[in-house]
Amino acid sequence: NMLSWENCVGQCYDGASVMSGQFSGVQARIREVAPHVVYIHCHAHRLNLVLMRTIKNIPEIAALFEKVQSIYVFLSVSSPRHELFLEAQREDGLTVLELERLVETRWYYWYRSVRKIKLRIHTIAVVLEAISNQNADANAASEAKGLLRHVTSITFLRCLIVVESLLGKINSLSEELQSSKVNYLTATSLIQQTQSDLECIRTHDFWKCVVDEAEKLSIKLGFVTPCDAIASHPRRRQVLSKKLSHFFVLSTTGKKDVDREQTEEDAQCANILFTCIDKFLYELNARFSQNSCLLSNVSILDPTLPSFLSPDCAVKLIQLYPTCGIDPLIIDSQLQSAKSYILSHVPTASNVHELRKHLSALPNAFSEVIKLIDLVLTIPVTSVENERFFSCMKRVKTYLRNTCGDERLSALLILN
């Protein structure tokens, strides 16, 4: 009862319909009471949805993660196989790594799992080959042969390298969006930077590096690469039939006049690398384009943008939050003075936290600007920390503690 809706800046939930419903969801009911409270879909959940939509729509990538999960299950479900995998790493003088299973709601583990598979691909192949040669368990030997065939295929290796590179580009964004201290301005900058990084690797040069690295891995595994197979079995040069010498041929006549392997590489480049990046960029633009009005206005606190401390954007931001307590009559003059002060005294300020730190030294001179900065820093970005708290509560409030009172439950949660 001590809290006022006028002090509420925003509400942030996941995308469940009971929370985000436009007509009867929690956010809609709150906006009936406080229309100025902006609803923001949790950015961490958005990013997870981007990943899931991208993976499920590309057959090659979906097949890769299916095999990655199969490798984890096969080497972890049996204690002897698991111990054999660990012992093989020790014999090679490597740091022992435990494979991780894939969790749909936490794609941080997806990157770690793919990264570990790539780092220990040779050990995994050796263990699978050893299991496939054992006669004690026919089912395990048969499954190991199938996994070994997939793991050592050039297509699997190329997909593995591409996915590991893409998830590596996105991992930093995922880590930051799960932090309780992330602000709306920083999150937006990271999203835009991630999009630029993905666009930079959408090139044939990067695909050539992927092909070369996959061939090196294949050679390390002891299997013949497609290029070696073509070199050892050269084909005759295909010549157009003499019966068609007086005709202008627009389409193929059944004989290929280009290298088959090169054609397969081009197809994989388009189907794996280009398609994956295009779908990811499309999903990022589609899912993170919400609250565009709010996004364009909070950018005034970014010292690297031309709209830095723009009075026009500040007025629009104040109009979105009429109960924030900022005086619109004097905010213009304070913004101009604050901009001159920052550019002359702190030209190296690069983010909103540094901006607030330096302006807080003069609280009376820039009182309304500080309120504006606090407003932007209060806008919620992620609800991951709240969900971790509820997960903690499920572990603390067990069946045996189901009848404990609120006071005791609160004390137990604080201790936890």
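Attention here is on the structure that accompanies the text. (Residues numbered from 1 in each chain as written. Predicted model: local features only at pLDDT ≥ 70, side-chain atom pairs only at ≥ 80, totals over all residues. Heavy atoms only, no water.)

1. Overview of the overall build of the chain
Thought 1: Looking only at helices and strands, the chain has 20 helices and 2 strands in total.
Thought 2: Per-residue burial over the chain gives 41% buried out of 416 residues.
Thought 3: Taking the intrachain contacts of the chain between residues at least 6 apart in sequence as the baseline, contacts between residues at least 24 apart amount to 71%. (Helix = DSSP H or I, 4+ residues; strand = E, 2+ residues; numbered from the N terminus. Buried < 20%, exposed > 50% of the residue type's maximum accessible area, 1.4 Å probe, protein only. Contact = heavy atoms within 4.5 Å.)

2. Describing the packing of helix α7 (residues 121–132) against helix α11 (residues 204–221)
Thought 1: Between α7 and α11, the least distance of the axes is 10 Å, while the angle of their chain directions is 40°. In this view, α7 runs oblique relative to α11, as classed from their interaxial angle. Taken as a pair, α7 and α11 cross one another with a handedness that is right-handed. Listed contacts from α11 to Ile121, His122 and Ala125 of α7 are Leu217, Lys220 and Leu221.
Thought 2: Grouping the amino acids of the contact of α7 with α11 by side-chain chemistry returns 4 nonpolar, 1 polar and 1 charged. (Axes fitted to C-alpha atoms, helices over the stretch in contact; angles between N-to-C directions. Parallel < 35°, antiparallel > 145°, perpendicular 65-115°, else oblique. Left-handed = near helix turned anticlockwise from the far one by under 90°. Nonpolar A, V, L, I, M, F, W, Y, C, P; charged D, E, K, R; others polar.)

3. Digging into the nonpolar core
Thought 1: Ranked by size, the top nonpolar core spans 107 residues in total, and within it Phe65, Ile71, Leu75, Leu128, Leu294, Leu301 and Leu359 carry the most contacts.
Thought 2: At 13 residues, the largest contribution of residues to this core is made by helix α9 (residues 154–177).
Thought 3: The contacts of Leu128, once residues within four sequence positions are left out, are Phe74, Leu75, Ala144, Leu147, Leu148 and Val151.
Thought 4: In terms of nonpolar packing, the next biggest core, distinct from the first, is built from 6 residues, Cys392, Val396, Cys404 and Leu412 among them. (Core = buried A, V, L, I, M, F, W, Y, C linked by side-chain atoms within 4.5 Å.)

4. With respect to α9
Owing to its 3.6 residues per turn, the α-helix aligns residues three or four sequence positions apart on the same side.
Thought 1: Over its 24 residues, α9 extends 35 Å from the first C-alpha to the last, a length consistent with the 34 Å expected when each residue adds 1.5 Å.
Thought 2: A bend of about 35° at Ile170 is the largest found in α9.
Thought 3: Judged by how many residues are buried, α9 sits mostly within the fold: 18 of 24 residues are covered. (Expected span 1.5 Å × (residues − 1). Bend = angle between axes of the 7 residues up to and from the residue.)

5. Description of the packing of aromatic side chains
Thought 1: Applying the stated criterion to the full structure yields 3 aromatic pairs.
Thought 2: Aromatic pair Tyr13 and Tyr39: ring centres 6.0 Å apart, planes at 25°, arrangement stacked. With Tyr13 in strand β1 (residues 10–13) and Tyr39 in strand β2 (residues 38–41), this residue pair connects regions lying 26 residues apart in the sequence.
Thought 3: We classify Tyr13 as buried; its relative accessible area is 15%.
Thought 4: Residue Tyr39 is classed as buried on the basis of its relative accessible area of 13%. (Phe/Tyr/Trp six-rings, centres within 6.5 Å; stacked < 30°, edge-to-face > 60°.)

6. Regarding the pairing of β2
Thought 1: A two-sided burial pattern is seen for β2, the buried positions comprising Val38 and Ile40 on one face and Tyr39 and His41 on the other.
Thought 2: With 4 bridges connecting them, β1 and β2 associate as parallel partners. Among the inter-strand pairings, Gln11 is bridged to a residue of β2, identified as Tyr39. (Pairing = 2+ DSSP bridges.)

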